[in-house]
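# Structural features, examined
What follows is the residue order along each chain.
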Amino acid sequence: MIEFKSLNLWLEWLENSHPITDIELGLARISQVANQLNLIKPKVPVISVAGTNGKGSVIATLESLADCHQLAIGSYTSPHLIRFNERIKLNGLSISDAELCVAFSYIANRKGDIELTYFEFTTLVALYCFSKQKLDFIALEVGLGGRFDAINIVNADVAVITSIGLDHTDWLGDTLEEIAYEKAGIARSGNPLVVADKQLLPLLDKALQELSPTMVAENTDYQVNCHSAHWDYLSESINIESISNSSLFVKNQAAALSAFLLLFPEKKEQAHIRQALEKSSLVGRFSKLADSPLIILDVAHNPDSALLLNKKLKKLKKTSEVANIWAICGMLKDKDIRTSLSHMEVIDNWICIDLDSPRGATAKELDKSLVDTFNAVRVRNLKNVAEAYEYFADNSEPGDLLVVFGSFVTVGLMIEYWDKNHLVKDGM
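All of the points below concern the structure found in this document.

What counts and how
- Residues numbered from 1 in each chain as written.
- Predicted model: local features only at pLDDT ≥ 70, side-chain atom pairs only at ≥ 80, totals over all residues.
- Heavy atoms only, no water.
- Helix = DSSP H or I, 4+ residues; strand = E, 2+ residues; numbered from the N terminus.
- Rg over C-alpha atoms; globule rule 2.2 N^0.38 Å.
- Buried < 20%, exposed > 50% of the residue type's maximum accessible area, 1.4 Å probe, protein only.
- Contact = heavy atoms within 4.5 Å.
- Areas by Shrake-Rupley, 256 points an atom, 1.4 Å probe, with all protein chains shown as cover.
- Lys, Arg positive; Asp, Glu negative; His and termini not counted.
- Charge placed at Lys NZ, Arg CZ, Asp CG, Glu CD.
- Salt bridge = Lys/Arg side-chain N within 4 Å of Asp/Glu carboxyl O.
- Pairing = 2+ DSSP bridges.
- Phe/Tyr/Trp six-rings, centres within 6.5 Å; stacked < 30°, edge-to-face > 60°.
- Lys NZ or Arg CZ within 6 Å of the ring centre and 35° of its normal.
- Axes fitted to C-alpha atoms, helices over the stretch in contact; angles between N-to-C directions.
- Expected span 1.5 Å × (residues − 1).

In this section: the overall build of the protein. Helices and strands together make up the secondary structure of the protein, namely 15 helices and 17 strands. Rg of the C-alpha trace for the protein: 21 Å, near the compact-globule value of 22 Å for 428 residues, within the 12% margin. Taken along its principal axes, the extent of the C-alpha atoms in the protein is 60 × 55 × 40 Å. Counting the 428 residues in the protein, one finds 55% classified as buried. Nonlocal contacts in the protein, meaning residues at least 24 apart in sequence, comprise 71% of its contacts between residues at least 6 apart. For the protein, the accessible surface area stands at approximately 19000 Å², while carbon and sulfur atoms represent 49% of it. For the protein, the separation between the mean place of its 41 positive charges and that of its 55 negative charges on side chains is 2 Å.

The following block contains the structure:
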């Protein structure tokens, strides 16, 4: 019998016995345990979300839609920024330590001799937690790929694909077509598959022919019209115009709304939907940490997300009184550092930091990529977020903006630093 009195001890046990760096894709192990524990078929509908970027934004929008319609939602995402509890939420709120300890004990002492990966174990923990709640629906975020990801033991009533980019190529393939095939694996024959970008359809062709889901694609089955400060959502069932922009990417919000309406077609009150979309936010997705100085947090960590971040920063600089843009950047060494940083041409001053983990890149490695790409770029290499922020504070001018990006780890460290130093945070 395995038993611990605190969540920290359970997490220590989990990381020692199921190292987070050990990845072994496949559904045989987790399916066996989930079947034994009657966790493989949730009692409520499930929306599963895959994609290179934008998964968290879809989940956050679904949480907001649930809240504005007084529906109960359980959501499972990864990774977390600061606390493990962030991975499993009930109605948008992180689950408690006590509930997690019960779930950890249940899975650990009933999985038998079957060896599970870190993500397989935590997926079962999430499904157990959801099974103990009165929910209206569940939203599951793919951790890696889709077809052989742990969440794919559950048949999605609605699947969503947000984007397809070259990331995790060691596991998913070297081409966009191969990666698309893996991500499309969350779809089920006859069930809706929402594709957030019509341009993805050619990449998904092979998988769609094999899986035969019911297609719901952006600008085919619903329209998204973007304007400078607002956007419109148009479909056969509902038209909503002049939706104010939130910090989240519009196409991801539109995909989330489409998935929500497929589950709850009667929920068409425009005021509720508008409120949900306009208030949607997610820490670390172009979210504001402070107003003075203006600090933006973004977990952009691959070429596609860096390209989008650069675009948003350029727009912000053009439409506001931002003088110079500074960046605190820390990245994992298994990411495409050179291409990602090459997209960030809007940055005026760089501060690179070391990420102190086995997967972490050093500031010097980031510096080399920047110098090779931009030549005369201004770079300062420092050890950690604390030194980086202090350098920014000492050398920046009024009106300068700071963006902290490159990894979930980097953004999490910045939030922890901010909290520990009792600095005043402003809501987005």
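After that view of the structure, there is still more to cover.
Quick look at the pattern of salt bridges now. The full count for this structure, using the stated rule, is 12 salt bridges. Here Arg359 ties to Asp334 by a salt bridge, and the two come within 2.9 Å at their closest N and O atoms. With Arg359 in the loop between strand E15 (349-353) and helix H13 (363-374) and Asp334 in the loop between strand E14 (325-329) and helix H12 (337-342), this pair connects stretches of sequence that are 25 residues apart. Residue classification places Asp334 among the partly exposed positions, given a relative accessible area of 47%. Where Arg338 meets Asp372, a salt bridge forms, and the shortest distance between an N and an O atom there is 3.3 Å. Here Arg338 is found in helix H12, whereas its partner Asp372 is found in helix H13, with 34 residues between them in sequence. Residue classification places Asp372 among the partly exposed positions, given a relative accessible area of 43%. Via salt bridges that share partners, Asp197, Glu218 and Lys251 belong to a single interconnected network.

Strand order in the open sheet formed by eight strands is E4-E3-E2-E5-E1-E6-E7-E8, with mixed pairing between adjacent strands. If you trace the sheet from one side to the other, it starts and ends with strand E4 (93-94) and strand E8 (214-217), each paired once. The pairing of strand E2 (residues 73-76) with strand E5 (residues 137-141) spans four bridges and is classified as parallel. Its bridge partner lying in E5, Ser75 is registered against Ala139.

For the structure on display, the rule yields 18 aromatic pairs. With centroids separated by 5.9 Å and ring planes inclined at 50°, the aromatic side chains of Trp10 and Phe104 adopt a geometry described as tilted. With Trp10 in helix H1 (residues 7-17) and Phe104 in helix H4 (residues 97-108), this residue pair connects regions lying 94 residues apart in the sequence. A cation over an aromatic ring shows up here: Lys206 above the ring of Tyr181, its NZ or CZ 4.9 Å from the ring centre.

Reading across the sheet, the three strands line up as E9-E10-E11 and stay open at both edges, with antiparallel pairing between neighbours. Each of the sheet's edge strands pairs with one partner strand only, and the pair in question is strand E9 (222-226) and strand E11 (239-244). This sheet shows a mean twist of 15° between the axes of neighbouring strands, independent of strand direction. The sheet contact formed by E9 and strand E10 (residues 230-235) spans five bridges and is antiparallel. Paired with Cys226 across the bridge in E10 is Trp231. Its contacts with the sheet put helix H10 (residues 270-279) on E10 and E11, and the angle it makes with E11 is roughly 35°.

In terms of residue burial, strand E1 (residues 46-50) counts as a mostly covered element, since five of its five residues are buried. What you see with E1 is no split at all: Val46, Ser48 and Ala50 on one side and Ile47 and Val49 on the other are buried throughout. Summarising the sheet, E1 and strand E6 (residues 158-161) pair through four bridges and their orientation is parallel. Bridged to Ser48 within E6 is Ala159.

The end-to-end C-alpha distance of H4 is 16 Å, a good match for the 16 Å that 12 residues give at a rise of 1.5 Å each. Residues of H4 that are buried: Leu100, Cys101, Ala103, Phe104, Ser105, Ile107 and Ala108. Those residues of H4 that are buried lie in contact with H1, strand E3 (88-90) and helix H5 (118-131).

Here we take up unusual backbone geometry. For the peptide bond that leads from Ser78 to Pro79, omega is -10°, which places it in the cis range. The linkage connecting Ser292 with the following residue, Pro293, adopts the cis geometry, with an omega of 0°. Its place among the elements puts Pro293 in the loop between strand E12 (285-291) and strand E13 (294-298). Not every positive phi belongs to a glycine, and Ser242 is a case in point at roughly 55°. Counting through the fold element by element, Ser242 comes out in strand E11. For Ser242, a relative accessible area of 42% gives the class partly exposed.

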